[in-house]
Amino acid sequence: MTEQNTHFDIITIGSGPAGFTAAIYAARGGASAALFGGVAPGGQLLQTMEIENYPGFAGPVVGADLMQSMLNQASRMGAIIFRENITAVDLSRGPFALIAGSGKSYTAGSVIIATGAQARWLGLPSEQKYIGKGVSGCATCDGFFFRGREVCVIGGGDSAAEDALFLTKFASKVYLVHRRDALRATFRLQEKLRAAPKIEIVYDHVPEEFTGEARLTGVNFRNVRTGAVRRLETTGAFIAIGHTPATKIFDGKVNLDGSGYIVTDARMGTSVPGVFAAGDVMDTRYKQAVVAAGSGCRAAMEALLYLEEVKK
Ligand code: NAP
């Protein structure tokens, strides 16, 4: 199998831990396997500094390094990795048809959807105005530009905590602003936050308006208990309020739940026989790299069984 082929037994869409694990199992299971991973394969873990809870590493592992190892492993098993996205799918009959960003068409006996999730925005008009001009959804990508500046991170989960800790490498001060009086982030990350002298946690505040001229100069927050407005003079605001599943191209093709997650059965099957889903795109509860990897394994094993059944 090479990149010239246009038909594969199993095509996996997405290049996080679920996608790469699915490709590893599909190829190792004897199927012709391809993975479409986008221009920068790796998924959300590319934006994670240190992973401490992925088994097999005694010390912290950098997200990008872990993903590169998974890519190399999938390639070594014989999976063909395409560095482009799938932009449209026809799942109405098999073999399933997929159109890539290049415009080229591919077909597959079985498809595994592992497109993960994308960072959410608050949805304030002023937020949209300053995206790329001080408002960012990716601390790992943009933190460098805020050397010596005061910045804020909005959110209270693991992502917000990790972003705040990462930003202390560059910023002179980091405000972590959360809408409640208790963080959602895991205990260990909370301990790290409290031990970081540059971080100030601001509880019970929600952003009301991002303000500035050409670039962001400050954010007005409202105290949800008193209604008082507190302004933080920050030139950087990092939004870390969770993720939404990346299912736009599958809407109307497989069943989605009310939040846009792909609905799967106990065997990772979607509403279309032969189409499976794995990882954060269907995981409404755990959203952990190791869980995603496990579900990618399950999806690939089910896809291999499905292909056997179809052959009979
Ligand atoms: P999350 O756990 O869903 O947390 C989102 C945070 O944003 C919550 O604190 C939430 O507040 C807040 N929020 C949501 N909507 C908001 C809004 N409109 N305005 C203000 N605040 C808002 O998302 P996440 O932090 O991205 O984590 C997702 C999953 O990935 C989790 O399972 C997490 O454990 C995992 N993860 C793990 C690691 C790691 O292990 N190193 C790193 C990153 C993420 P409430 O608390 O009030 O709901």
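Note that the coordinates shown come from a computational prediction; the quantities given were computed from them, not determined experimentally.

**Observations regarding the site of the ligand**
- Near the ligand lie 20 residues; those nearest to it are D158, S159, R179, R180 and R184.
- One nitrogen or oxygen atom from the main chain of G157 is found 3.3 Å from an oxygen atom belonging to the ligand.
- Residue S159 places a side-chain N or O atom 2.6 Å away from an oxygen atom belonging to the ligand.
- In isolation the ligand has 910 Å² of accessible area, and contact with the protein removes 79% of it.
- Tallying contributions element by element places helix α5 (residues 158-167) first for the shell around the ligand, with three residues.
- When grouped by side-chain class, the residues that make up the shell around the ligand number four nonpolar, nine polar and seven charged.
- Both of domain 1 (7-118 + 243-311) and domain 2 (121-239) provide at least three residues apiece to the shell around the ligand.

**Section: the sheet that holds strand β11 (residues 199-202)**
- Across the sheet, which stays open at both edges, the five strands sit in the order β8-β15-β9-β10-β11 with parallel pairing between neighbours. On the outer flanks of this sheet lie β8 (135-136) and β11, each paired with one strand and no other.
- Where strand β9 (residues 150-154) and strand β10 (residues 173-177) come together, five bridges link them in parallel fashion. Within β10, the residue paired with I154 across the bridge is V177.

**Some points on the pairing of strand β5 (residues 96-100)**
- A one-sided burial pattern is seen for β5, the buried positions being F96, L98 and A100 and the unburied ones A97 and I99.
- Summarising the sheet, strand β4 (residues 86-90) and β5 pair through four bridges and their orientation is antiparallel. By the bridge assignment for β5, A88 is matched with I99.
- In this antiparallel pair of consecutive strands, β4 and β5, the connection spans five residues.
- Taking the residues between adjacent antiparallel strands as the criterion, β5 and strand β6 (residues 105-113) are bridged by four residues, where G103 takes a positive phi near 95°.

**Let's talk about the sheet that holds strand β13 (residues 216-223)**
- Within the open sheet, the three strands sit side by side as β12-β13-β14. Their pairing is antiparallel. Looking along the sheet, the strands with just one partner apiece sit at the ends: β12 (205-212) and β14 (229-232). Looking at each pair of strands side by side, their axes are set apart by 25° on average, direction ignored.
- Sheet analysis places β12 next to β13, joined by seven bridges and oriented antiparallel. Note on β13: the bridge partner recorded for H205 is N223.

**Some thoughts on unusual backbone geometry**
- Along the chain, G94 connects to P95 via a cis peptide bond; the corresponding omega equals -5°.
- Mapped onto the fold, P95 is located in the loop between β4 and β5.
- For M268, which is not a glycine, the phi torsion comes out positive at approximately 65°.
- M268 gets classed as buried once you look at its relative accessible area, which sits at 2%.

**Considering α5**
- In terms of burial, α5 is a largely internal element, eight of the 10 residues being buried.
- Of the residues making up α5, those classed as buried are A160, A161, E162, D163, A164, L165, F166 and L167.
- Buried residues belonging to α5 abut α4 (139-142), β9, β10, α6 (187-194), β11 and β15 (236-239).

**Thoughts on helix α2 (residues 63-76)**
- The terminal C-alpha atoms of α2 lie 20 Å apart, and with 14 residues this matches the ideal 20 Å at 1.5 Å per residue to within 8%.
- Looking at α2, one finds that the buried residues are G63, L66, M67, M70, L71 and A74. The buried residues of α2 occupy an angular sector of 140° when the element is viewed end-on, so they sit on one face.
- Summarising the contacts, the buried residues of α2 are in contact with α1 (17-28) and β3 (80-82).
- In the stretch just after α2, G78 is the one whose phi turns positive, near 110°.

**A look at the domain arrangement of the protein**
- Splitting the protein by domain gives domain 1 (7-118 + 243-311) and domain 2 (121-239).
- Domain 1 and domain 2 are separated by 32 Å when their C-alpha centres are compared.
- Each partner contributes residues to the interface: domain 1 has six residues there, and domain 2 has 10 residues.
- For the pair domain 1 and domain 2, the summed buried surface comes to about 620 Å²; carbon and sulfur atoms form 46% of the total.

What counts and what doesn't
- Residues numbered from 1 in each chain as written.
- Predicted model: local features only at pLDDT ≥ 70, side-chain atom pairs only at ≥ 80, totals over all residues.
- Heavy atoms only, no water.
- Near = heavy atom within 4 Å.
- Polar contact = N/O pair within 3.5 Å; in protein donor to acceptor, adjacent residues only side chain to side chain.
- Areas by Shrake-Rupley, 256 points an atom, 1.4 Å probe, with all protein chains shown as cover.
- Helix = DSSP H or I, 4+ residues; strand = E, 2+ residues; numbered from the N terminus.
- Nonpolar A, V, L, I, M, F, W, Y, C, P; charged D, E, K, R; others polar.
- Domains from an automatic or database assignment.
- Pairing = 2+ DSSP bridges.
- Buried < 20%, exposed > 50% of the residue type's maximum accessible area, 1.4 Å probe, protein only.
- Axes fitted to C-alpha atoms, helices over the stretch in contact; angles between N-to-C directions.
- Contact = heavy atoms within 4.5 Å.
- Expected span 1.5 Å × (residues − 1).
- Arc of directions from axis to C-beta.
- Buried area = accessible area lost by both parts, 1.4 Å probe.

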